[in-house]
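Secondary and tertiary structure notes
In case you want the letters, here they are:
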Amino acid sequence: YFDNRFRIDAEIEDVTMLFYRKAGSKPIILVQPDGSKIKVNQLDKDKVEWFDDKTFDMIKIKTPMPGPWQAIGNIMPNSKIMVMSEVRIEVDPLPTILLSGETIKITARLFNGKDPIETPAFREVVTLDVDFYSTNDSNYDNFGAEPIKLTSFRDDGYDLDERPADGVFTGEFNLNFAAGEWQPLYYIKLPMAKRELRQPTVILRRNPITINVEPTMEKGQFHQLMLNIDAEFVDADSLIFQGKILFPDKQVEDFSVVDGKGNQRIFEIHYTEPGIHRVNVS
């Protein structure tokens, strides 16, 4: 692609091209080697598929005419034609130990054939989603569970994504659903194509924390909130807790438990008056 001209080889059977243009501008016009034009509203639907968005045009042409072509429109100055081949995704493997209730970070990269896609504007074209499907094994808690839409990967510098538009898409997996055996399925969604990546099944373990309370009804004494840790899959000494207490009089108190050894943490809640106490712990 040079200026607004490019050449299509005689051996090409079909080509999918992506043109980035100024936001809100009209779709481009393609001029074929014989001078005839292809427009978004004037095309041979048996040969041409055209998806126009506010910032790009994606055009797929079967048996394109060989020779020099032109692209006319408000194409971005630093734009290049992106000839799409096999768009695929590579995703970090999930950890071998996953715990119900935790949040993990997973990164993914997009490739066009063998080459990584590093064009910042490409994130406007593609969406990356992941769903978890239960394997419906009756030995697990998630037997018969509906599929769960887990997250959409982002490359915008928000939440767990470290740098915007660096070609690394980040997914924040909130594993707040039933423990059991799950099949992760990743989707690449393009305007005119869809790809999927199926990873090996994973076992989501039960939340390793259980809560017990020993209440008191004596003024000046404390309710005992006990956080019990099943240390089979976690390092109990590495855990910290924070939360909120809603007292019967609607007052709210923040608390944290950062110290402690062994498989139990105890937090004392001052007795104020009888009634319902609500405790939310992370």
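Bear in mind the structure is a predicted one, so any value in this text is a computation, not a measurement. (Residues numbered from 1 in each chain as written. Predicted model: local features only at pLDDT ≥ 70, side-chain atom pairs only at ≥ 80, totals over all residues. Heavy atoms only, no water.)

Focus on the sheet that holds strand S4 (residues 37-38)
Worth spelling out the cut-off: DSSP bridges decide pairing: two strands pair if at least two such bridges lie between them. Only DSSP runs of H or I covering at least 4 residues are called helices, and only runs of E covering at least 2 are called strands; the numbering of each starts at the N terminus.
Spatially, four strands are ordered S1-S7-S3-S4 in an open sheet, and the strand pairing comes out antiparallel. Strands with a single pairing partner mark the edges of an open sheet, and in this sheet they are strand S1 (5-8) and S4. As paired elements, strand S3 (residues 29-31) and S4 share two bridges and run antiparallel to each other. Counterpart to valine 31 in the pairing with S4 is lysine 37.

Quick look at the sheet that holds strand S6 (residues 56-62)
Counted only if it meets this: Between N-to-C directions, angles span 0 to 180 degrees; the directions come from axes that are lines fitted to C-alpha atoms, helices contributing only their stretch in contact.
Taken together, the four strands give an open sheet; going across it, the order is S5-S6-S2-S8, and neighbouring strands pair in antiparallel fashion. Whereas interior strands pair on both sides, the edge strands pair on one side only; in this sheet they are strand S5 (48-52) and strand S8 (82-84). Looking at each pair of strands side by side, their axes are set apart by 20 degrees on average, direction ignored. Pairing between strand S2 (residues 14-20) and S6: seven bridges, direction antiparallel. Directly across from methionine 17, in S6, lies its bridge partner isoleucine 59.

As for the pairing of strand S22 (residues 252-257)
One ladder, built from six bridges, connects strand S21 (residues 241-246) with S22; its direction is antiparallel. Bridge pairing in S22 places lysine 244 opposite aspartate 254. Linking S21 back to S22 in an antiparallel pair, the connection comprises five residues, with lysine 250 at a positive phi of about 75 degrees.

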